[in-house]
Each structure stands twice: as C-alpha cells, then as structure tokens.
Amino acid sequence: MSQPAYEIDQMISAKSIAARIEDLCCEIREEFSGTDKLVVVGLLRGSFVFIADLVRELDLPVEVDFLEASSYGNSTESSREVRILKDIRGEIQNRDVLVVEDIVDTGHTLTHVKHLLESRLPRKMKTIALLDKPSRREADVRADWIGFEIPDEFVVGYGIDYAQRNRNLPFIGKVRFT
C-alpha cells in the first residue's frame, strides 16, 4: 500500500532547534551538576538526532542507552498501546537518568517508559522532549524540559518520521497531505 501524497512546510528551523538545545543544556547541566555519570536514555527511533545534539552540548560525563517503544507503526495516529521493542542494556539503579523523547503527544509512551524506568530505582530521573503537543494529551504526564510546544499538527524531520521517511530533514516540518 502506497503512502498518500504530502508536502512539508517548515515549522521550526534548524537554527531555532540548535539555540533551544543550548538553553536546555544549561538547565540540564545545572540539574545534574556533580553527577559522576548521567545515563541518557533515548527513545528510539525519533529522538536519535536530538540525543546526538544534546550529549555534544551537555559537557557532563554521559553514558548513552536506548529504549525502543512503539505506539504509532506507520500511522499518523497513536494506537495508545505501547510496546517495548528494545530495552536498555545498562543498569540504572542508583544512577542519574535523563529520558529523551522526540515528541509528547497523547502521553501514553512517556507514561509507560517513566513507570518502567522508575521501577528500576534510578537515583534521579528527569525527562526532556523536543516537542510537546499538550492539546492531544490523554495521560497526565509532562516532560521536565520541553524544546517547543506545537499545535496539533503531524510533523517530521530532525529524527521524526512519517512511515520511516523524512528523519533526515534538519528542521521540523508540518506534513500537509495533498
């Protein structure tokens, strides 16, 4: 089955993203100052570009791990059923953890992941999301840090995809189906 035709309108520029990451990293460095190692857990696949830019800017001792959760598949709508496809490899008990999400939409994925990781008893755990769509929230969750709040639009770019396409765009773009 082929994907519907669509166009992409730039919503957030690469320059704006870079500037926001600098600001966020100042706050994160302050929150985790004194840590012996910050475990940065990225939610695959959409957050991989964001994680790369974050850890380069953080100037803290970091360990990077990944967890893959899925609630979308190839659809533009969340199924609300969160499946863990890949778990983290390292131990986080008594460690400082930063969970990195690309976008908080309904909130089901972040809620599920937070409960899973909190059950492993980290010393401190905080969350960051590049994008937040509060108008779509169904679960009572909010990331500790938000890059940008956006309206209820389907977006791609900067690691975020539509049916595995457009992750490589350097900006966040709004998908407009034609």
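Quick summary incoming for the structure in this document.

Regarding the pattern of salt bridges
Applying the stated criterion across every chain, the model contains 17 salt bridges. Measuring nitrogen to oxygen at the nearest pair gives 3.1 Å for the salt bridge that ties Arg 123 to Asp 96. Of this pair, Arg 123 sits in the loop between α3 (108-118) and β6 (124-132) while Asp 96 sits in strand β5 (residues 96-104); the two residues are 27 residues apart in sequence, bridging distant segments of the chain. Taking relative accessible area as the criterion, Arg 123 reaches 53% and is therefore assigned exposed. When the shortest N-O distance is used, the salt bridge between Arg 137 and Asp 132 registers 2.2 Å. Each of Asp 105, Lys 133, Arg 136 and Asp 152 takes part in one network of salt bridges that share partners.

Side note on the packing of helix α1 (residues 14-31) against helix α2 (residues 48-58)
Packing of α1 against α2 brings their axes to within 9 Å, and their N-to-C directions diverge by 60°. In terms of orientation, α1 and α2 fall into the oblique class. When the axes of α1 and α2 are compared, the crossing they make is right-handed. The segment α1 lies against α2, with Ile 21, Glu 22, Cys 25, Ile 28 and Arg 29 engaging Phe 50, Asp 53, Leu 54, Glu 57 and Leu 58. Taken together, the residues of the contact of α1 with α2 break down into six nonpolar, no polar and four charged.

A look at the packing of aromatic side chains
Tallied over the full model, the rule gives four aromatic pairs. Judged by centre distance (5.6 Å) and plane angle (80°), the rings of Phe 154 and Tyr 162 are edge-to-face. Both residues of the pair, Phe 154 and Tyr 162, belong to the buried class. Summarising the aromatic geometry, the rings of Tyr 162 and Phe 177 are spaced 5.6 Å apart at their centres and angled 80° between planes, so their arrangement reads as edge-to-face. Of the two residues, Tyr 162 is situated in the loop between β8 (155-156) and β9 (172-177) and Phe 177 in strand β9; the sequence distance between them amounts to 15 residues. By relative accessible area, which is 4% here, Tyr 162 ends up buried. For Phe 177, a relative accessible area of 38% corresponds to the partly exposed category. Pairwise contacts between aromatic rings join Tyr 6, Phe 154, Tyr 162 and Phe 177 into one cluster. One cation-aromatic arrangement involves Lys 124 over Phe 32; the distance from NZ or CZ to the ring centre is 5.2 Å.

What about the nonpolar core?
The biggest cluster of nonpolar side chains holds 27 residues, and the ones touching the most others in it are Ile 28, Ile 128, Leu 131 and Ile 172. Put simply, the parts of the chain that give this core at least two residues each are α1, β2 (38-44), α2, β5, β6 and β7 (145-149). Looking at this core, the element that brings in the most residues is α1, giving five residues.

Definitions and limits used
Residue positions are counted from 1 within each chain, in the order its sequence is given. Only residues with pLDDT of at least 70 are given local features in this predicted model, and only at 80 or more are side-chain atom pairs given and counted; all residues enter the totals for whole chains, interfaces and linings. Only hydrogens and water are removed before side-chain values are computed, so all heavy atoms of the structure are retained for them. Every case where a carboxyl oxygen of Asp or Glu lies within 4 Å of a side-chain nitrogen of Lys or Arg is listed as a salt bridge. Strands are runs of DSSP state E lasting at least two residues, helices are runs of H or I lasting at least four, and both sets are numbered from the N terminus onward. Relative accessibility under 20% of the residue-type maximum defines a buried residue, over 50% an exposed one, and the middle range a partly exposed one, all with a 1.4 Å probe and only protein chains included. Axis angles are defined between N-to-C directions and span 0 to 180 degrees, where every axis is a line fitted to C-alpha atoms and, for a helix, only to the segment in contact. Working definition: roughly parallel below 35 degrees, roughly antiparallel above 145 degrees, roughly perpendicular at 65 to 115 degrees, and oblique for all remaining angles. The crossing is said to be left-handed when, going from far helix to near helix, the turn is anticlockwise and less than a right angle, and right-handed when the turn is clockwise. Note on definitions: a residue-residue contact is assigned when non-hydrogen atoms from the two residues lie within 4.5 Å. In the scheme used here, Gly and all other residues not listed as nonpolar or charged are polar, with Ala, Val, Leu, Ile, Met, Phe, Trp, Tyr, Cys and Pro taken as nonpolar and Asp, Glu, Lys and Arg as charged. Only Phe, Tyr and Trp rings are paired, with Trp represented by its six-membered ring, and only when their centres lie within 6.5 Å; those with planes under 30 degrees apart are stacked, over 60 edge-to-face, the remainder tilted. Each ring is checked for a lysine NZ or an arginine CZ that lies within 6 Å of its centre and within 35 degrees of its normal; such an atom marks a charge sitting over the ring. Note on terminology: a nonpolar core comprises buried Ala, Val, Leu, Ile, Met, Phe, Trp, Tyr and Cys residues joined through side-chain atoms within 4.5 Å.

That's the geometry; what it means functionally is another story.
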